[in-house]
Amino acid sequence: MKKETWKELTIGTINPNAGNSVQNHTGTWRSGTKPEFIEEHCIHCFFCWLYCPHFAVVIDGDKVKGFNYDYCTGCGLCAEECPTKEKSIIMVKENVQLAGGGEE
Ligand code: SF4
Ligand code: SF4
């Protein structure tokens, strides 16, 4: 069977208004946990900033300042990669408002 070339394939769905990660607040995906910054333990190595897939770690010059929860999905990578003996980031539970109005 001859395979279709990319020019012959049937066109699928096109979303002309897909937006971008600045307009779309990825923090709305967060469900259940969020990172909390413990500044006194932080050595400002920037590992959290480097590993965060959503650029949700807030920095000011050469210092980490915390998190932008509009974009933080609560994945926990920052806390996992934080190298300090006493963790500078801990994941904490948060109340989530469910679509039906309840809480989880
Ligand atoms: S990974 Fe931990 S120690 Fe390094 S900058 Fe982030 S919070 Fe601070
Ligand atoms: S929990 Fe995930 S998305 Fe949120 S700041 Fe940490 S690495 Fe970024």
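Structural data are supplied above this passage.
The shown structure was predicted, so the numbers you read here are calculated from the model rather than taken from an experiment. (Residues numbered from 1 in each chain as written. Chains lettered and ligands numbered in written order. Predicted model: local features only at pLDDT ≥ 70, side-chain atom pairs only at ≥ 80, totals over all residues. Heavy atoms only, no water.)

A. Highlighting the site of ligand 1. Around ligand 1 sit 14 residues, and of these C42, C45, F46, C48 and C82 come closest. Considered class by class, the residues forming the shell around ligand 1 number eleven nonpolar, three polar and no charged. (Near = heavy atom within 4 Å. Nonpolar A, V, L, I, M, F, W, Y, C, P; charged D, E, K, R; others polar.)

B. Focus on the side chain of T26. Its location among the elements puts T26 in the segment before β1 (33-37). Its relative accessible area of 7% is what places T26 among the buried residues. Every residue in contact with T26, bar those within four places of it in the chain, is listed here: H54, D70, Y71, C72 and T73. (Helix = DSSP H or I, 4+ residues; strand = E, 2+ residues; numbered from the N terminus. Buried < 20%, exposed > 50% of the residue type's maximum accessible area, 1.4 Å probe, protein only. Contact = heavy atoms within 4.5 Å.)

C. The pattern of salt bridges, seen in detail. Scanning the model with the defined rule gives two salt bridges in all. Where E8 meets K2, a salt bridge forms, and the shortest distance between an N and an O atom there is 3.6 Å. For K2, a relative accessible area of 65% translates into the label exposed. (Salt bridge = Lys/Arg side-chain N within 4 Å of Asp/Glu carboxyl O.)

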